[in-house]
Structures are given as C-alpha cells and as structure tokens.
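Coordinate analysis (summary)
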Amino acid sequence: MIYFDSAATTKPCRAAIDAMSAAMSDAWGNPSSRHALGMASRRLYEGARADIMKTLGAAKFAAAAGSPSLIFTGSGTEATNLAILGVCRAKKRRGRIIIGQGEHPATENAALAAADEGFEVVKIPTVGGALDMNALSEAVTTDTVLISLMLVNNETGAIYDVKAAFDAARAKAPAVVCHCDAVQGYMKVPFTVSSLGADMITISSHKINGPCGVGALYVSPGIYKKRALSPVIFGGGQEGGFRSGTEDVAEALGFAAAASEAHENFKSRASYEDELRRYIIHCIEDVLPEVTVNLPKVPAPHIISLTTHSVKSETMLNFLSGCGICVSSGSACSSHSKRVSAALTAFGLTARDADTTIRVSLSHENTKDEADELIAALSRGVGTLSRAYGQR
C-alpha cells in the first residue's frame, strides 16, 4: 500500500510507540493522585508538556499560576473548540468573530455555535490561497472579540499570512483575541509562538507521527491575565480547570516524543517533502496537462490539490485505492459530508471542479518511486474514467 494521505493522519513513529508503551506499563498512575505512583506520572506528564512547548519556541514563557501554557485536549478539534467557544463564553458582551473562508470544520462549526449564542460571524475571502487583507481590515471593528485563522489550509496547502492578519486586527481592535489553527502547519512550516503573533495556537499529535486522540492548545499568559478563556468541559478541574478529565499520560508522552523527533529533523523533512511535491507537480504538468494543479500563492511542502475536471473525486479515490494508493478527496474530517468543499470553492474553484478534485499529501517516508506509481495510476484513471463523468 502506498500512502499519500498524511494530511489526514500519519503512522505513529517508533519513538511515540515506545514512549506510550513504557507509560502504559510503568506510569499508569493517575497524575492527580498524591501518592508516589501518581506523582511519578505527573512528572512524566509535565515533562511531555515542557517538551512540546520547546518545539513551539515557547519554553521561556511562564504560565500563570495554576494555569498551563499548553492545555492537553482529546484532539485538535477540541482544542479549537476550547479556543473559540472558551473566549466567547468568557465575554460579558456579545461581539464579532472573524474567521477565514474554507476553515477546518472545527473552526467553522465552533463559530456557528457561537453565532447561536449571539455572536456575529464574518468570513474573510481566501481566493487563490491568500487572505484578503482589505476585507479583513474592513471587517475588524471595535466590538471584534476574536479572530481565528488557520496557518495552512488542510485541502489546498495554502500558507496564510496570519501574523499580518493578527497585526492588522489588533491595530483596529487592541483587545481582540487571536487564535491560529496550526494543525496542518505544525512541524511542516517554520513558526514559533512569537512569529505567529497568536494568543492561542492549536496543534495535533496524529498529523506529526504521534498517536490519535490527543491535541493541545497553547495559551499565552496574557489570556489568563485578562481572564479571556472559559472551559467548555467541566469536571474535576484538571489542566488548570480548562479541560477536566483524567490526564492521559501515555498519549501526552507519545505526542511529545513525536514532536521532539519531528522538531529535531524539521529542516531535512520539510526540504525533502517540498522536493517531492515539486517533482510530482512537474510530472503531472508534463504527463497530464488536462489535470490542473491548484497551486496557492505560498504553498506548504506536503499538500498538492489536483483537479482532473473529468473524473469525480470519489471515483478517482476509489480507483487509486484499487491500485493500492491512498489519497483523499478533501478533509478526512468532513469526508462523510456530501456538500461541495468550502475550502476549494473559497480557493476559487467552481462547484463542478471541486467535485473532481483530490488531495495528495506527503510525508518524509514517501519515495520518488511511489510518486512515479501515483502519476502512472492517475494517468490510467483519467484515461479510463473521464468519459463517464463527461456524459453526466
């Protein structure tokens, strides 16, 4: 099986598996317990938190008393929900929320939930894979309470200039809270807490060869100081009261192990993935001129969006799967939906073209030989299947 769907999830690395196995065998105590086994688990858990903070360039940032700078969650989706709904519910007044068009469903649906609670949601155009800064400037008002933007679009691979967007928003609304969904950018494109300029940042484990079922939300000390965040899960008060539930030491250690390994090898992996991405694009343009590469203004190194124009994405996905090649027709988080991809139409594709678009996403483990097999299979698929869609 050839796997080109790493934007959906990645295979856990050996370091993550070993860390989790050791934790489940030897550090299974409840980290909130005061006995020796519990305290040993707590030390490992806090060590994992510190290791991930290092990868964000945030080791020097001290958390507010009793409140962690990095809140472990059950997923990137939960972290983003905490960021958006947590900020909104901490506000004594309703106001405006700004998000980008084509955001991940975690952001989109959390914003819609906030709208049901009385907040106004405004979406910024992202045609061609770039934020419309003029539209953003016009959208920001003094009653804007939150701006949430993804760093890398999970379907098109577009890298957005979130730092410029956050700076522009703060210029008009100094009290605005800035959140970045960096799930697809973490360990793929270079950034630190300072370079993003975000008050809160969402990251996820299973996109970087860590386990599924664990994500995290970085929270700046300023958010705690302003009391700008409320919990959305209630219980025993773990994670400083912002994410109740017994801490999962094994998942946290697996996340930290994968993050540390990815951080150590970041430059070589990103360079290799970008080289492979360019190779695939060159081959497609040379061999399959009828297929369009949806190239953003600033592309991430690991995502390629391809429109065949003549084969439905689901049909091509199934064809490639039959060839032993895994790709995606878009975000795995919304693959159950029959709606046209909002990310692709926001990029500028028509509904028909969006319906014939697949996503190829790379990892450092993919090879050029695998890329050649992908190109050959795509060529066969377009040649075999194109007539059927044209007759619809």
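Now for a look at the structure at hand. All values reported here derive from a predicted model rather than from experimental measurement.

Here we look at unusual backbone geometry
Phi is positive for N209, close to 75 degrees, though the residue is something other than glycine. Tracing the chain through its elements places N209 in the loop between β7 (200–204) and β8 (215–219). Judged by relative accessible area, N209 falls into the buried class, the value being 9%. One non-glycine residue, E239, adopts positive backbone phi at about 55 degrees.

Points about the state of the cysteines
A full pass over the atoms with the stated rule returns zero disulfides. The structure places no disulfide on C180, whose sulfur is separated from the nearest cysteine sulfur, that of C178, by 10.0 Å.

Quick look at the pattern of salt bridges
Side-chain pairing between opposite charges can occur once the charged atoms of the two side chains come close. This structure, assessed with the given rule, holds 17 salt bridges. Here R96 makes a salt bridge to E120, at a shortest N to O gap of 3.0 Å. Of this pair, R96 sits in strand β3 (residues 96–100) while E120 sits in strand β4 (residues 120–124), and the two are 24 residues apart along the sequence. For R96, a relative accessible area of 15% puts it in the buried group. Since its relative accessible area comes to 39%, E120 is described here as partly exposed. A salt bridge links D274 to R278; the nearest nitrogen and oxygen atoms lie 2.9 Å apart. Taken as a pair, D274 and R278 lie in helix α10 (residues 266–287) at a separation of four residues, close to a single helical turn.

Overview of the side chain of T308
Mapped onto the elements, T308 comes out in the loop between β10 (303–307) and α11 (313–322). The buried category is assigned to T308, whose relative accessible area is 3%. Setting aside residues up to four positions removed in sequence, T308 forms contacts with E290, V291, M316, T356 and V382.

Side note on the pairing of strand β2 (residues 70–73)
Taking every second residue as pointing to the same face, both faces of β2 are buried, with L70 and F72 on one and I71 and T73 on the other. Where β2 and β8 come together, four bridges link them in antiparallel fashion. Following the sheet pairing, F72 is matched in β8 by A216.

What counts and what doesn't
- Residues take numbers from 1 onward in each chain, read along the sequence in its written order.
- With pLDDT at 70 or above as the cut-off, local features in this predicted model cover only qualifying residues; side-chain atom pairs require 80 or more to be listed or tallied, and sums for whole chains, interfaces and linings still use all residues.
- To get the side-chain values, all heavy atoms of the structure are used, and hydrogens and water are removed first.
- Helical segments are the DSSP runs of H or I of at least four residues, strand segments are the runs of E of at least two, and each set is numbered from the N terminus.
- Per-residue accessibility, obtained with a 1.4 Å probe over protein chains only, is compared with the maximum for each type, and a residue is labelled buried under 20%, exposed over 50%, and partly exposed between these values.
- Cysteine sulfur atoms are paired as a disulfide whenever they come within 2.5 Å of each other.
- Any carboxyl oxygen of Asp or Glu within 4 Å of a side-chain nitrogen of Lys or Arg constitutes a salt bridge here.
- The contact criterion used is simple: two residues touch if any of their non-hydrogen atoms lie within 4.5 Å.
- Strands were regarded as paired on the criterion that DSSP finds at least two bridges between them.

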